[in-house]
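Overview (structure and organization)
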Amino acid sequence: MVIGIVGLGLIGGSMAKAVSTHTGHKVLGDDKDGAVLEAAIADGAVIGELTDSRLPLCELIIVALAPGLTEAWFSEKGALVAKDTVVVDCCGTKRAVCVAGRAAAAKYEFAFVGGHPMAGIEKTGYGASRADLFKGASMILVEPGDKDGMLTDFFTSVGFGGVVTATAETHDAVIAYTSQLAHVVSSAYITSPTAERQAGFSAGSFKDMTRVAYLNEALWAELFLQNRDFLAHELDLLQARLSDFREAIASGDEARLTEMLTEGKQRKIRIDGGAA
């Protein structure tokens, strides 16, 4: 199979390396930075450039761009995609992108499935990409329909631990909590003046809380705003819980504080499916 990968940053670059390492598929790559494309060719992650003339050769196209750029790609390149080709995006929000992708697919008669690889590290760019990034990770597919089997086989072949299917609405609601809220909290937490004095006083908790503050700010701002309704809701819920903690601590209510801490601990144990 000929696979086209658009965008060779952390996700696209890792996808190219994973496909080239673990399968016999041929990978063509496209990136706005010529030096990145040259590096990917030199690494053997891709065999050549994904030019307009080569787009019709691809049986599967993976678009690993930010949401706005992905929507623009559908408008600019959709007419060049061969009929029956499967196009999967990798955006961290799904509602707007899926509307654009489905519209382009209906117009140009290719197949579109929204996707979101649940893997990543705090670093960005092709230089941080690696062939094992997706090992054991979950790949989310938005209503894949008759492409479910084909895409499940493909993504598990490059290292994913499994595929989860969802609606775009469900994806965005859950991801607001599991991913976006964590990035907001990390970014807010690190801005405390006390952070400048943490050297020698911090261990795992500080590192865990601040790891994802090292992010691509332009990309994450776009993702936050695309999902503003669900993210704002999660922030409201968190603010209310933090207010409860502050009130119990400020008033010296040990019984209430212990109760809330126990509730959090028990919730974690239940979600993890094991004992403390």
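Look up a bit, the structure's there.
Residues numbered from 1 in each chain as written. Predicted model: local features only at pLDDT ≥ 70, side-chain atom pairs only at ≥ 80, totals over all residues. Heavy atoms only, no water.

Re the packing of helix α3 (residues 67-77) against helix α4 (residues 95-108)
The geometry of α3 relative to α4 is characterised by a closest axis approach of 9 Å and an angle of 10° between their N-to-C directions. One element, α3, and the other, α4, form an angle in the roughly parallel class. Residues Pro67, Thr70, Glu71 and Phe74 of α3 touch α4, and the partners they reach there are Ala96, Val97, Ala100, Gly101, Ala104 and Tyr108. Partitioned by chemical class, the residues of the contact of α3 with α4 number seven nonpolar, two polar and one charged. (Axes fitted to C-alpha atoms, helices over the stretch in contact; angles between N-to-C directions. Helix = DSSP H or I, 4+ residues; strand = E, 2+ residues; numbered from the N terminus. Parallel < 35°, antiparallel > 145°, perpendicular 65-115°, else oblique. Contact = heavy atoms within 4.5 Å. Nonpolar A, V, L, I, M, F, W, Y, C, P; charged D, E, K, R; others polar.)

Considerations on the layout of surface pockets
Of the pockets and cavities examined, the second largest pocket occupies roughly 1200 Å³. Lining the second largest pocket are 26 residues; nearest its centre among them are Tyr177, Leu181, Leu238, Arg241 and Gly264. When residues of the lining of the second largest pocket are traced back to their parent elements, those giving at least two are α6 (168-189), α7 (204-210), α9 (228-251) and α10 (254-272). Its residues placed into classes, the lining of the second largest pocket shows 13 nonpolar, two polar and eleven charged. (1 Å grid on protein atoms, 1.4 Å probe; cavity = no way out; pocket = protein on both sides within 12 Å on 5 of 7 lines; lining within 4 Å. Points joined across faces, edges and corners; volume = space filled by probe spheres on them.)

A closer look at the pattern of salt bridges
Applying the stated criterion to the full structure yields nine salt bridges. A salt bridge links Glu143 to Arg102; the shortest N-O distance between them is 3.7 Å. In this pair, Glu143 is assigned in the loop between β7 (138-142) and α5 (148-157) and Arg102 in helix α4, connecting sequence segments 41 residues apart. Judged by its relative accessible area of 37%, Arg102 falls in the partly exposed class. Connected through shared salt-bridge partners, Arg95, Asp172 and Asp229 make up one network. (Salt bridge = Lys/Arg side-chain N within 4 Å of Asp/Glu carboxyl O. Buried < 20%, exposed > 50% of the residue type's maximum accessible area, 1.4 Å probe, protein only.)

Looking at the packing of α6 against helix α8 (residues 217-226)
Orientation of α6 relative to α8, taken along the N-to-C sense of each, is 125°, at an axis distance of 11 Å. Judged on the interaxial angle alone, α8 and α6 are oblique. Crossing angle aside, the handedness with which α6 passes α8 is left-handed. The segment α6 lies against α8, with Ser179, Gln180, His183 and Val184 engaging Trp220, Leu223 and Phe224. Partitioning the contact of α6 with α8 into residue classes produces four nonpolar, three polar and no charged. (Left-handed = near helix turned anticlockwise from the far one by under 90°.)

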